[in-house]
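For reference, the chains in residue letters:
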Amino acid sequence: RRLLHLLSDPPLKRTQQPKARQAGAVRNIQHAVAAAAAAAAAVAAAIAMRHALRWWKRPRLALLNPVVPTSAYSLSVAKMLRELCDAIDCRVAIHEVDVASSPFDSALIEHFDGFIIPGSVASAYDKATYPWTSHLEATIRRLHARGRPMLGICYGHQIISQALGGRVEHNSAGLQAARCEFDVTALGASLGLGDGTAALQYHHNDCVTRLPPCAANLGCSASCPAHASALFASPTTSRMAVSRGVPADPPIGITLQGHPEFSTPTGAAILLDILHGEEGGAERYGDSARDADGRTAAQAHKITRAVMGLLWPKAFAE
């Protein structure tokens with residue numbers, strides 16, 4: 001039977017059948033590869049679109065930085081803040097604006113979702129040495145009047161307080177540097193700054209001795225009467241928040257005397273450089289500034305996450 005089968009099957013047909021099957025198999029493989037590549041491209045495009053949408057939805061924050069060219073902190077603070085936000089998965093887009101070289105254009109206020117005023121070597125009350133202070137204070141008052149979210153850090157804490165009617169003076173307790181603890185008020189605890197005591201890295205000679213009427217104290221210590229504050233639309237809203245221990249509405253601004261951004265790789269190096277430049281600074285504060293056990297960094301992350309969540313909740317939205 002096999003012999004009859006072979007005799008009945010023409011030689012050309014016998015040779016063409018395996019080739020035809022092989023060509024079909026190759027085509028099937030090619031189609032499968034093309035389909036897999038198309039699927040992978042679709043997945044990659046979807047991921048890219050998701051990332052693009054997440055970036056597009058990120059709150060746009062203006063960093064109103066009074067740049068001092070001789071200050072390593074001033075030149076590096078944007079990098080520190082981005083490192084801090086990355087560490088807590090806070091998705092914001094930070095755009096640096098030098099407010100020392102020229103006043104901030106009030107027409108751009110609505111282009112941003114909020115504003116950060118960082119630390120500075122300047123003193124808030126020394127307007128003779130730092131003439132741009134008056135322009136910055138005017139910008140702060142406009143931002144507050146429009147209810148635009150603000151975060152002040154160290155000098156930012158002081159200049160915001162001064163602009164809105166508070167008082168800033170040289171700290172009679174002297175330099176406060178490296179890790180410093182403060183007692184958290186009931187309102188501060190309700191806003192997520194911690195229970196009992198909290199701590200951040202510090203470096204300041206001035207302090208807020210009187211908060212503005214629209215601000216509520218979130219933390220204090222024997223060496224600094226106002227470590228942090230919450231800004232409200234009016235003095236009445238502020239007083240109600242203090243009396244209740246919980247605000248009726250989220251604050252429109254938070255200010256911190258401490259530096260959460262010093263608890264980043266760049267920030268820690270900057271702080272140590274500053275301390276090395278002061279007589280006895282490295283010996284007195286070096287170990288505390290290095291934060292070998294990470295306790296201060298953990299609190300900095302907790303406080304920053306709470307503050308950013310209050311002011312810009314979309315920064316943590318998926």
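Computed from a prediction, not measured in an experiment: that's the story for all the values here.

### Here's the deal with the overall build of the protein chain
Reasoning step 1: Each helix and strand in the protein chain was counted, giving 10 helices and 11 strands.
Reasoning step 2: Of all 318 residues assigned to the protein chain, the portion counted as buried reaches 47%.
Reasoning step 3: Sequence-distant contacts in the protein chain: of pairs separated by 6 or more residues, those separated by 24 or more amount to 72%.
Reasoning step 4: Total accessible area on the protein chain stands at roughly 15,800 Å², and carbon and sulfur atoms take up 58% of it.

### What to know about the pattern of salt bridges
Reasoning step 1: Scanning all chains against the criterion turns up seven salt bridges.
Reasoning step 2: In this structure, the salt-bridge partner of Arg148 is Glu110, at a minimum N-O distance of 3.9 Å. Here Arg148 is found in the loop between helix 4 (133-145) and strand 4 (150-153), whereas its partner Glu110 is found in the loop between strand 2 (93-98) and strand 3 (114-117), with 38 residues between them in sequence.
Reasoning step 3: Of the charged contacts in the structure, one is a salt bridge between Arg290 and Asp287, with a shortest N-O distance of 3.3 Å. Remark: Asp287 and Arg290 occur in helix 9 (residues 281-290); sequence separation between them is three residues, near one turn of the helix.
Reasoning step 4: Members of the salt-bridge network, linked through shared partners, are Glu110, Arg146 and Arg148.

### Here we look at the packing of aromatic side chains
Reasoning step 1: The tally for this structure, following the rule as stated, stands at six aromatic pairs.
Reasoning step 2: Ring plane angle 50 degrees and centroid distance 6.4 Å describe the contact between Phe104 and Phe112, whose orientation is recorded as tilted. We note that Phe104, like Phe112, is buried.
Reasoning step 3: With a centroid separation of 6.2 Å and 70 degrees between ring planes, the pair formed by Trp132 and Tyr155 is classed as edge-to-face. You can see Trp132 sitting in the loop between strand 3 and helix 4 and its partner Tyr155 sitting in helix 5 (residues 155-163), a full 23 residues away along the chain. When sorted by exposure, Trp132 lands in the same class as Tyr155, which is buried.

### Considerations on the environment of Leu271
Reasoning step 1: On the secondary structure map, Leu271 appears in helix 8 (residues 265-276).
Reasoning step 2: When its relative accessible area of 0% is taken as the criterion, Leu271 is described as buried.
Reasoning step 3: With 198 residues separating them along the chain, Leu271 and Tyr73 place their C-alpha atoms 8.3 Å apart.
Reasoning step 4: Contacts of Leu271, omitting those with residues within four sequence positions, involve Ala178, Gln201, Tyr202, His203, Phe262 and Ala289.

### What about helix 10 (residues 295-311)?
Quick reminder: α-helices carry 3.6 residues per turn. Residues three or four places apart thus point the same way.
Reasoning step 1: Compared with an ideal rise of 1.5 Å per residue, which puts 17 residues at 24 Å, helix 10 spans 25 Å between its outermost C-alpha atoms and is within 8% of the ideal.
Reasoning step 2: All buried positions along helix 10 are accounted for by Thr296, Ala297, Ala300, Ile303, Thr304, Ala306, Val307, Met308 and Leu311.
Reasoning step 3: Lining the buried residues of helix 10 we find strand 1 (60-65), helix 3 (72-87), strand 4, strand 6 (176-184), strand 7 (197-204) and strand 11 (253-256).

### Things to note about the nonpolar core
Reasoning step 1: Counting residues in each nonpolar core, the largest one holds 49 residues, and the members touching the most others are Val92, Leu151, Leu218, Met308 and Trp312.
Reasoning step 2: The element best represented in this core is helix 3, accounting for six residues.
Reasoning step 3: With residues up to four places along the chain from it excluded, the contact list for Met308 reads Leu61, Cys85, Cys90, Val92, Leu151, Pro313 and Phe316.
Reasoning step 4: Counting residues in each nonpolar core, the second largest holds 29 residues, with Phe115, Ala124, Tyr155 and Val168 among its members.

### A short note on the packing of helix 8 against helix 9
Reasoning step 1: Packing of helix 8 against helix 9 leaves a shortest axis separation of 9 Å and a crossing angle of 165 degrees. Here helix 9 runs roughly antiparallel to helix 8, going by the angle between their axes. When you trace helix 8 past helix 9, the crossing you get is right-handed. In this structure, helix 8 contributes Leu271, Leu272, Leu275 and His276 to the contact, and helix 9 contributes Gly281, Ala282, Tyr285, Gly286, Ala289 and Arg290.
Reasoning step 2: Of the residues that constitute the contact of helix 8 with helix 9, the class distribution is six nonpolar, three polar and one charged.

### Section: the confidence of the model for the protein chain
Should the pLDDT be low somewhere, the predicted coordinates at that spot are not to be read in detail.
Reasoning step 1: For the protein chain, per-residue confidence averages 90 on the pLDDT scale, and residues scoring 70 or more make up 88% of the total.
Reasoning step 2: Scored below 50 in pLDDT, residues 48-53 makes one contact in the model with residues more than four places away or belonging to other chains.

Each value, and the rule that gives it
- Residues numbered from 1 in each chain as written.
- Predicted model: local features only at pLDDT ≥ 70, side-chain atom pairs only at ≥ 80, totals over all residues.
- Heavy atoms only, no water.
- Helix = DSSP H or I, 4+ residues; strand = E, 2+ residues; numbered from the N terminus.
- Buried < 20%, exposed > 50% of the residue type's maximum accessible area, 1.4 Å probe, protein only.
- Contact = heavy atoms within 4.5 Å.
- Areas by Shrake-Rupley, 256 points an atom, 1.4 Å probe, with all protein chains shown as cover.
- Salt bridge = Lys/Arg side-chain N within 4 Å of Asp/Glu carboxyl O.
- Phe/Tyr/Trp six-rings, centres within 6.5 Å; stacked < 30°, edge-to-face > 60°.
- Expected span 1.5 Å × (residues − 1).
- Core = buried A, V, L, I, M, F, W, Y, C linked by side-chain atoms within 4.5 Å.
- Axes fitted to C-alpha atoms, helices over the stretch in contact; angles between N-to-C directions.
- Parallel < 35°, antiparallel > 145°, perpendicular 65-115°, else oblique.
- Left-handed = near helix turned anticlockwise from the far one by under 90°.
- Nonpolar A, V, L, I, M, F, W, Y, C, P; charged D, E, K, R; others polar.
- pLDDT = per-residue confidence, 0-100.

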